[in-house]
2 protein chains.
Amino acid sequence: MILEKINNPSDLKKLTLAERNQLADEMREILVHKIDITGGHVGPNLGFLEATIALHTVFNSPQDKIVFDVSHQCYAHKMLTGRKKYFTDESLYEEISGFTAPKESVHDLFQIGHTSTGVSLATGLAKARDLQHQKFNVIAVVGDGSLTGGEALEGLDNASVLGSNIIIIVNDNEMSIAENHGGLYQNLRLLRETNGTAENNFFKAMGFEYHYVANGNNIADLTEMFEKVKDTNVPTIVHIHTLKGHGLKVAEENKELFHWIMPGTVTQMQHPSSTPAVQSPDYTSLTVDWFLQQKKTDSTVIAVTAGTPGATGFFPDFRKEMGAQFLDVGICEQHAVATVSGMAKGGAKPMFAVLSTFIQRSYDQLAQDLALNNSPATILVYWGGLSGMDATHVGAFDIPLIANIPNMIYLAPTNAEEYRAMLDWSAKQTQHSVAIRVPFGPFITTGIPDTTDYGILNRYQVVEEGSKVALIGVGNFFERAREVKQLLKEKAGISATLINPKFLTGVDADLLNSLKKTHQLVVTLEDGVLDGGFGEKIARFYGASDMKVLCFGGQKEFTDRVPLDELFIRYHLTPELIIKDIQTVLKGA
Amino acid sequence: MILEKINNPSDLKKLTLAERNQLADEMREILVHKIDITGGHVGPNLGFLEATIALHTVFNSPQDKIVFDVSHQCYAHKMLTGRKKYFTDESLYEEISGFTAPKESVHDLFQIGHTSTGVSLATGLAKARDLQHQKFNVIAVVGDGSLTGGEALEGLDNASVLGSNIIIIVNDNEMSIAENHGGLYQNLRLLRETNGTAENNFFKAMGFEYHYVANGNNIADLTEMFEKVKDTNVPTIVHIHTLKGHGLKVAEENKELFHWIMPGTVTQMQHPSSTPAVQSPDYTSLTVDWFLQQKKTDSTVIAVTAGTPGATGFFPDFRKEMGAQFLDVGICEQHAVATVSGMAKGGAKPMFAVLSTFIQRSYDQLAQDLALNNSPATILVYWGGLSGMDATHVGAFDIPLIANIPNMIYLAPTNAEEYRAMLDWSAKQTQHSVAIRVPFGPFITTGIPDTTDYGILNRYQVVEEGSKVALIGVGNFFERAREVKQLLKEKAGISATLINPKFLTGVDADLLNSLKKTHQLVVTLEDGVLDGGFGEKIARFYGASDMKVLCFGGQKEFTDRVPLDELFIRYHLTPELIIKDIQTVLKGA
């Protein structure tokens, strides 16, 4: 194995071209095996494998600085920079992050997981270098799919006038997670078709020196090009045409599916079982079904995604069936929010489906373009809640983000019926900008249609009346509140009141005031950070009264792949720990 | 007067070209007179006056939809759409908004004041039109300065693939508020120099049909071009070259100064007094002086702006003196935050100066690119606080926005010495991402240097010890807390404890716990909305204790040019009203 000889990027320089090619084959096999067991990003990593070898052959990391945009293409980089054991030793598989991680290695410069960030970060490194009169190469690696993000475009516009060394590798695999969307991609195609010679060139128009490598999976070609642009003093684009999933037939043939896979997917696709698994209903399928149903009677309902259709269940069949009533704007959450505002003002019924971690990219558009204008569009926020995910993808911040914007109505359904009723209401009403926190967790159905009029704002639902203690369980954590209620009865003989607030954006003053008569303590439970969240509003409401308030939720911190069970203990979020805290307060009262 | 005949845009169609030209002269004179009295945007409005007449001559608003990006160029539009009296009658001057306002007229489609939003909003209108099989023109008017904002670039990328009518007027006056920055502008210059014929064309690369009008202040040329592109079904750019401040010599010659002016500026510039007013020190001049001082000993300190240098006192002299240690990235707050993160990681000492309302455009970059990476960059947040400004520019939301992001340290100085000490500390430390809320209001100096070690996080300062009531006055509102203390002594004989928290991002648990012994009530005062803000953290902290908490600050709402005095009464923020609320709580206790 060639890989055995590689402990540092500098070891690559001693290899022959043939050995480097063999190394790529070895690494590909290891990567596929590893990802099939752990899950992870297949397509981006396989597509950029050869380029990574070429980069580390030509440049001298960490003296030269390589910034990976999104960094879901950094596995090969990790293998070549002292971390190969995490890919070869199955017992260590879970110990390595799927994204660049400065904690792991000096070769990783930033913890990154959101797209379109790399060019700006690299431009900053280059500027700092110039201010300090240092000399090294700064390289940013950015995928074509990331180019449509506003931050990337802003970065390109500034990188090109840096006046010194910056090399931006545009890894063009003709794909975002799904297909690319936007006018820019016509120009990338033109550039590919003309072997980079077309006069009309987006990158040149942005002010860059431009180079093209037709076979971006060819180590020799890439090495030659990187040698050419190394140490130059002109902001430079190296546009390389790569194949997503290169070298793994099933990934090359199913590019969207193999962008990121669940464990076992490669094996399963290569040896499909005769009976496909029956999918049980979940909130994603409910949403998809709701859209298809709406489409039958309303030609103005439109499902919008910003480059992550699969994450919200908008698979190719759905997209095809929705036709003009589906829109993928590409990775550009700012535009997505602004344009659904425009659509809503124009009389359509747009719904933008987006992950909690990515709605963060459009705070100002939610505030200015949408809520200030009371445009009746709907934002469907997926994956909102505490989780064991990477720090870059945790969805714990959307309540503080959205719920403190004036005019926004942020709804938190607790089961399928409520969620459906909220979708129906939001699509019908014309007064408010609405966000719905799509339940994240087990699918819960009551079997009883929800007939609530959500036009009566901030009316909480008392699900079970009790006394002494009131439990307000928000969205995903409503069922937890129910468990707490039961345990509180068993352990302390207290019949607590159980409340489903439904609205995250306001307090039900009448209800909260009425609790004062027969309750000593109000407990809030929310699936997200406490700072700036729902519970604090309740605490402020009761601040000047005798009512005690206990808020349960996450602490203000970036958790990085910390298992959820561990977080629940850390934050006192198990029913047992909650009861304990409640009893402490009641004893003191 | 021709203007007398114009009550609706349709009246324009009856005019001869000569009359339209005369109308432009009349309107210019009226506009200059009005703006010189009230203050407002001069350059953008004068530059787009002729184009506005041409637009309303050719298109049929409100059937055709015109969306103004930023909308600081909409005065002529307002005069032509039934609102001329607000420009001719001095007694009505203050009744009209300086931005498009749907409340005022059906010809105004969105309330807008942030840049780079228009293309996306217009694209949404067009998409809604297409879904409903309607037929009209959608026109977006966007300045060249706005083009570098990520949202605008995202919008262009999507507008070009709309597949139907959308006309984007690029109003190229060769200026942002100050000079333009970024590689894109080289291409705009090339297009101007080649009369729009250059092969390498940013807009064509983005997928648009492209037209150029060399004299964008010529009504005949503009009218001809608009007629040509009207009712076509292809996404189209009309790039018009205009002169900022056109027709007002002093504005043409001082473009940056005359972007937006204070009342009286035109008169003053045309008849300068012999003795220039002496500028008294303020927080802006303090900051500028601090940078110039730092530069003498540290070549890595760098002042960054995103297209609003004047708003933070970075005037041409300062920029020149800072040299490479000043950077204007253009209007692109996302890039600004990400790139200062990169600079800080690279060993430089960047400080990004930005208005509160515009830092909203980079939440995700603050969270992911900056704070997650603990990059030791500094964000200087100006104009943070309640104000009588337009809803689009109120700076009441930055505390909830920034202070709930993990790892961020958000500091709120209350006087010049503290602010300077915080600048010094932040520039020196290498562990934290820091934001400083630059005091907004009267310049306060104690004369005593602040020697606090801000590396000890979340330590509040007890300024005066008392009992029963503790007043926590945040940043701009610290002096108000001091007034409340005095009044409380006078009116109720209570010697309240006075606290300056300094840190917005955490609670001083030791101090807050210690207050429990001798205090019944903690009062927080903050200059911003309460929802998600500082006071709620204090309320949550004391939630399960006997301590009462009263939070004072703004309500969650978009206030639009509501005078500050009125807001102070609405929110119970005068010392008298605060005392009243305190006494009510104490009586109930």
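Residues numbered from 1 in each chain as written. Chains lettered and ligands numbered in written order. Predicted model: local features only at pLDDT ≥ 70, side-chain atom pairs only at ≥ 80, totals over all residues. Heavy atoms only, no water.

Asker: Got a minute to help me understand the overall build of chain A in this structure?
Answerer: The helix and strand tally for chain A stands at 24 helices and 18 strands. In terms of overall size, chain A behaves like a compact globule, its C-alpha atoms giving a radius of gyration of 26 Å where 589 residues would be expected to give roughly 25 Å. Projected onto the principal axes, the alpha-carbon positions of chain A cover approximately 80 × 60 × 50 Å. By residue count, 66% of the 589 residues in chain A fall in the buried class. Long-range pairs, those at least 24 residues apart, make up 76% of the contacts in chain A between residues at least 6 apart in sequence. Accessible surface, chain A: about 19,800 Å² in total, of which carbon and sulfur atoms supply 51%. Between the centroid of the 51 positive side chains of chain A and the centroid of its 68 negative side chains there is a distance of 4 Å. (Helix = DSSP H or I, 4+ residues; strand = E, 2+ residues; numbered from the N terminus. Rg over C-alpha atoms; globule rule 2.2 N^0.38 Å. Buried < 20%, exposed > 50% of the residue type's maximum accessible area, 1.4 Å probe, protein only. Contact = heavy atoms within 4.5 Å. Areas by Shrake-Rupley, 256 points an atom, 1.4 Å probe, with all protein chains shown as cover. Lys, Arg positive; Asp, Glu negative; His and termini not counted. Charge placed at Lys NZ, Arg CZ, Asp CG, Glu CD.)

Asker: What am I meant to see in the sheet that holds strand β15 (residues 468-473) of chain B here?
Answerer: All names here are of chain B. Ordered by their spatial adjacency, 5 strands build an open sheet running β14-β16-β15-β17-β18, and the pairing between neighbours is mixed. Of all the strands in the sheet, just β14 (461-464) and β18 (548-554) have a single pairing partner and so form its edges. Each adjacent strand pair in this sheet contributes to an overall mean axis angle of 25 degrees, direction not counted. Across 6 bridges, the pairing between β15 and strand β17 (residues 519-529) is parallel. When the sheet's bridge partners are listed, Ala470 is paired in β17 with Val522. Strands in contact with helix α22 (residues 534-541) are β15, β17 and β18; relative to β17, the strand with the most contacts, it is inclined by about 155 degrees. (Pairing = 2+ DSSP bridges. Axes fitted to C-alpha atoms, helices over the stretch in contact; angles between N-to-C directions.)

Asker: Got a minute to help me understand the relation of the copies chain A and chain B in this structure?
Answerer: Mapping between the two chain copies consists of a rotation about an axis together with a translation along that axis. Mapping chain A onto chain B calls for a rotation angle of 180 degrees and an axial translation of 0.0 Å; the resulting RMSD is 0.0 Å. Taken together, the rotation and translation describe the operation of a two-fold axis. (Least-squares fit on C-alpha atoms with pLDDT ≥ 70 in both.)

Asker: What's the story with helix α1 (residues 17-38) of chain A in this structure? I'm lost.
Answerer: Note on helix geometry: an α-helix contains 3.6 residues per turn, so any two residues three or four positions apart are oriented the same way. Compared with the 32 Å implied by 1.5 Å per residue over 22 residues, the 31 Å span of α1 of chain A between its first and last C-alpha is a close match. Gly39 of chain A, located one to two residues past α1 of chain A, shows a positive phi value of around 80 degrees. (Expected span 1.5 Å × (residues − 1).)

Asker: Explanation requested: the pattern of salt bridges in the structure shown.
Answerer: Where side chains of opposite charge bring their charged atoms close, a pairing between them can arise. Scanning the model with the defined rule gives 58 salt bridges over all chains in all. Between Arg361 of chain B and Asp364 of chain A there is a salt bridge, with the nearest N and O atoms lying 3.0 Å from each other. Here Asp364 of chain A lies in helix α17 (residues 363-370) and Arg361 of chain B lies in the loop between α16 (356-359) and α17 (363-370), a pairing that spans two chains. A single burial state applies to Arg361 of chain B and to Asp364 of chain A, both of which are buried. Residue Asp25 of chain B is joined to Arg28 of chain B by a salt bridge in which the shortest nitrogen-to-oxygen separation is 2.9 Å. In this pair, Asp25 of chain B and Arg28 of chain B are both assigned in helix α1 (residues 17-38), 3 residues apart and thus about one turn of the helix distant. When its relative accessible area of 11% is taken as the criterion, Arg28 of chain B is described as buried. If you follow the salt bridges from partner to partner, you end up with Lys78, Arg83, Glu104 and Asp108 of chain A in one network. (Salt bridge = Lys/Arg side-chain N within 4 Å of Asp/Glu carboxyl O.)

Asker: Whenever I open this one, the interface of chain A and chain B confuses me. Can you help?
Answerer: On the chain B side, the residues contacting the 102 residues of chain A number 102 residues. Of the roughly 8,300 Å² buried where chain A meets chain B, counting both sides, 56% is carbon and sulfur surface. Sorting the residues of chain A by area buried against chain B places Glu154, Arg540 and Phe558 of chain A first, and these three jointly supply 9% of that buried surface. Lys548 of chain B is paired through a salt bridge with Asp546 of chain A; the nearest N and O atoms lie 2.7 Å apart. Linking chain A with chain B are 54 residue pairs in polar contact (both at pLDDT 80 or more). Counting residues per element, the side of chain A that touches chain B draws most heavily on helix α15 (residues 333-345) of chain A, at 9 residues. Classifying every residue of the side of chain A that touches chain B by side-chain character gives 40 nonpolar, 43 polar and 19 charged. (Buried area = accessible area lost by both parts, 1.4 Å probe. Polar contact = N/O pair within 3.5 Å; in protein donor to acceptor, adjacent residues only side chain to side chain. Nonpolar A, V, L, I, M, F, W, Y, C, P; charged D, E, K, R; others polar.)

Asker: Help me out: how do you make sense of the environment of Pro563 of chain B in this one?
Answerer: Residue and element names in this part refer to chain B. Within the secondary structure layout, Pro563 lies in the loop between β18 and α23 (564-570). We classify Pro563 as partly exposed; its relative accessible area is 45%. Taking the C-alpha atoms as reference points, Pro563 and Tyr460, 103 residues apart in sequence, are found 32 Å from one another.

Asker: Would you mind showing me how to read the nonpolar core here?
Answerer: Among soluble globular proteins, nonpolar side chains are generally buried collectively. With 233 residues, the main nonpolar core has Ile379 and Ile582 of chain A together with Ile379 and Ile582 of chain B as its most contacted residues. In this structure, Ile582 of chain A is in contact with Val469, Leu471, Val484, Leu488, Leu521, Val523 and Leu550 of chain A, ignoring residues within four places of it in sequence. (Core = buried A, V, L, I, M, F, W, Y, C linked by side-chain atoms within 4.5 Å.)

Asker: Can you help me understand the packing of aromatic side chains in this one?
Answerer: The description of two aromatic rings rests on the distance between their centres and on the angle between their planes. With the rule as written, the count across this model stands at 39 aromatic pairs over all chains. Three or more aromatic residues joined by ring pairs make a cluster, and in this case those are Phe202, Phe203 and Tyr210 of chain A together with Phe202, Phe203 and Tyr210 of chain B. Taking the ring centre of Phe136 of chain B as reference, the NZ or CZ of Arg129 of chain B above it sits at 5.7 Å. One cation-aromatic arrangement involves Arg480 of chain B over Phe568 of chain B; the distance from NZ or CZ to the ring centre is 4.2 Å. (Phe/Tyr/Trp six-rings, centres within 6.5 Å; stacked < 30°, edge-to-face > 60°. Lys NZ or Arg CZ within 6 Å of the ring centre and 35° of its normal.)

Asker: Help me out: how do you make sense of the sheet that holds strand β4 (residues 167-172) of chain A in this one?
Answerer: By definition, the strands of a sheet pair up through backbone hydrogen bonds, in either a parallel or an antiparallel sense. Residues and elements named next belong to chain A. If you trace the 5 strands from one edge of the open sheet to the other, you get β2-β3-β4-β6-β5, paired in parallel fashion. Edge positions in the sheet fall to β2 (65-68) and β5 (209-213), since each has one partner strand and no second. Going from strand to strand, the sheet's axes swing by 20 degrees on average, the running direction of each strand aside. With respect to the sheet, helix α6 (residues 118-131) is in contact with β2, β3 (138-143) and β4, its orientation differing from that of β3 by roughly 175 degrees.

Asker: Just to check I follow, could you spell out the environment of Ser341 of chain A for this structure?
Answerer: If you trace the backbone, Ser341 of chain A turns up in helix α15. For Ser341 of chain A, a relative accessible area of 0% gives the class buried. Separated by 92 residues in sequence, Ser341 of chain A and Ser433 of chain A place their C-alpha atoms 8.5 Å apart. Each residue touching Ser341 of chain A, except ones within four places of it in the same chain, is listed here: Asp369, Leu370, Ser375 and Ala377 of chain A together with Phe110 and Leu121 of chain B.

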